[in-house]
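A structural walkthrough
Each chain is listed here by its residues.
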Amino acid sequence: MKHTAKRLASFLAGVAFATAAIAETELTVYTAVEAEDLARYAETFNQSHPDIKINWVRDSTGIITAKLLAERDNPQADVIWGLAATSLLLLKSEGMLEPYAPAGVENLDPKFVDGDTPPAWVGMDAWVAAVCYNTVEAEKLGLTPPTSWKDLTDPMYAGHVIMPNPNSSGTGFLDVSSWLQLFGEEGGWEYMDALHENIARYTHSGSKPCKLAASGEIPIGISFAFRGAKSKADGAPLEIIVPSEGVGWDMEATAIVAGTANLEAAQTLVDFTVTKEANEMYNTGYAVVAYPGIAKPVEHFPEGLLDAMIENDFEFAANNRAAILEEWQRRYDGKSEPKS
């Protein structure tokens, strides 16, 4: 009996230790998701997985991508949850992602899933470029609304346009990449040279140009459509313009970092990221999500935006990312605002 009791005590101690160990699983998760959404993401995940604690490391797309590349030989992240697909394609090509097919991945729209089996990354949502135009400020300045990207090079807009720096911002990069695809390499840089003449400054955040237009600090902010719709819903005098040539877009996606010591917990998190519940959660911040039939109509979302999304060549964007950013930096960085 004594031995049995001892064995039982030992077994229970082991269970307690294992339970404690499970309860203390922590994941370092790198993300470029808007900071205001992170607590909600973790809270929703923890409702079904209270045993896994998420430690967020959040910055804009370019900075998180550079951080991951710098840490290639000594990875600090377990999971990437919410980073541009163009960045994940780059990390995949460097062998930095752990392929994994999350449970239920077959429910997603195939264009949101890496083509390899098992996939190296899975998509969450898409964000789409648009122009935020403050009608009140524009009227004061005697401006007429642009209808195309090319219109923004008109001298009447000189000093009245703000856009994101593509080295820091995923929104900035999708703009630049889309212009190079729409206008060709030579035409794309010629377009950006002309646009640069009218730029007041480049921000380090993709949502900031629209927020600045919403507050009236600048009449025109090149940003993404959902941010504009949100600001308009809050009462800002904005028109959200879909340029006639078509608009760039990128998707946010999730992946496991190769070499993580917490693979099982990382897989549990990635399983959650493709669920219906997770996609409903993404839909409060993004109008286009990976799970078909989930997205609800967004108030003030501009007509025809989804039809205007270009056939985006993600491979082109990922493979040429470093060269594009270097050239952009060389030509235009003089108007970038200081990094905070």
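Just so it is clear, the model here is predicted, and its values are computed rather than measured.

Quick notes on the rules
- Residue positions are counted from 1 within each chain, in the order its sequence is given.
- Local features in this predicted model are restricted to residues whose pLDDT is 70 or higher, and side-chain atom pairs enter the listing and the counts only when it is 80 or higher, whereas totals over whole chains, interfaces and linings include all residues.
- Excluding hydrogens and water, the side-chain figures rest on all heavy atoms present in the structure.
- Only DSSP runs of H or I reaching four residues or more are called helices, and only runs of E reaching two or more are called strands; each is numbered from the N terminus.
- Relative accessibility decides the category of a residue: with a 1.4 Å probe and only protein chains considered, values under 20% of the type maximum give buried, values over 50% give exposed, and everything between is partly exposed.
- The method behind every accessible area is Shrake-Rupley, applied with a 1.4 Å probe, and residues are considered shielded solely by the protein chains displayed.
- All tallies of charge rest on Lys and Arg as positive and Asp and Glu as negative; His and the ends of each chain are not included.
- Positions of charges follow a simple convention, taking NZ of Lys, CZ of Arg, CG of Asp or CD of Glu.
- Planes of paired rings set the category: under 30 degrees apart is stacked, over 60 is edge-to-face and the rest tilted, where pairs are Phe, Tyr or Trp rings (Trp by its six-membered ring) whose centres lie within 6.5 Å.
- The salt bridge definition used is simple: a Lys or Arg side-chain nitrogen within 4 Å of an Asp or Glu carboxyl oxygen.
- Of all possible arcs, the one meant is that of the directions from the helix axis to the C-beta atoms.
- Fitted lines through C-alpha atoms serve as axes, helices being fitted only where they are in contact, and the angles separating the N-to-C directions of these axes extend from 0 to 180 degrees.
- By the definition adopted for this analysis, an angle is roughly parallel if under 35 degrees, roughly antiparallel if over 145, roughly perpendicular if from 65 to 115, and oblique otherwise.
- Two residues form a contact once any of their heavy atoms are found within 4.5 Å.
- A score between 0 and 100, pLDDT records how confident the predictor is in each residue.

**Notes on the overall build of the protein chain**
Of the regular secondary structure elements, the protein chain holds 13 helices and 11 strands. The dimensions of the protein chain, computed from C-alpha atoms along their principal axes, are 95 × 40 × 40 Å. Looking at the protein chain as a whole, 53% of its 340 residues are labelled buried. Within the structure as shown, the protein chain displays about 15,000 Å² of accessible surface, and the carbon and sulfur contribution to it stands at 52%. Side chains of the protein chain carry 25 positive and 48 negative charges; the gap between the two charge centres is 7 Å.

**Considering helix α4 (residues 85-93)**
With seven of nine residues buried, α4 lies mostly within the body of the structure. If you check which residues of α4 are buried, you get A85, T86, S87, L88, L89, L90 and L91.

**Regarding the packing of aromatic side chains**
Each aromatic ring pair is specified by the distance between its two centres and by the angle formed by the two planes. The tally for this structure, following the rule as stated, stands at 12 aromatic pairs. Their ring planes at 80 degrees and their centres at 4.8 Å tell us that Y202 and W328 sit as a pair that is edge-to-face. Of the two residues, Y202 sits in strand β7 (residues 199-203) while W328 sits in helix α13 (residues 321-332), which places them 126 residues apart along the sequence. Among the residues examined, Y202 registers a relative accessible area of 2% and is labelled buried. Ring geometry for W249 and F314: centres 5.2 Å apart, planes at 90 degrees, overall edge-to-face. Highlighted residues: W249 in strand β10 (residues 249-257) and F314 in helix α12 (residues 314-319), separated in sequence by 65 residues.

**Focus: the pattern of salt bridges**
Any two side chains of opposite charge can pair, so long as their charged atoms come close to each other. Scanning the entire structure with this criterion turns up 14 salt bridges. Notably, a salt bridge pairs K92 with D114, separated by 2.8 Å at the nearest N-O pair. Taken together, the residues K92 in helix α4 and D114 in the loop between β4 (97-98) and β5 (122-134) connect sequence positions 22 residues apart. Accessibility expressed as a relative area gives 25% for K92, which makes it partly exposed. E137 is the salt-bridge partner of K140, the closest N and O atoms lying 3.0 Å from each other. You can see K140 and its partner E137 sitting in helix α5 (residues 135-140), three residues apart, about one turn around the helix. In this structure, a network of salt bridges that share partners links the residues D193, E327, R330 and R331.

**Quick notes on helix α3 (residues 61-70)**
Within the sequence span of α3, burial applies to T61, G62, I64, T65 and L68. Taken down its axis, α3 places every buried residue within 165 degrees of arc, on the same side.

**Overview of the packing of helix α2 (residues 38-48) against helix α9 (residues 263-273)**
Look at α2 against α9: their axes get within 11 Å of each other, and the N-to-C directions meet at 110 degrees. When the axis of α2 is compared with that of α9, the two are roughly perpendicular. Touching T44, F45 and S48 of α2 are T268, L269 and F272, all from α9.

**Section: the confidence of the model for the protein chain**
Put simply, the protein chain has an average pLDDT of 92, and 93% of its residues get 70 or more. In the predicted structure, residues 11-22 sits below a pLDDT of 50 and forms one contact with residues beyond four places in sequence or in another chain.

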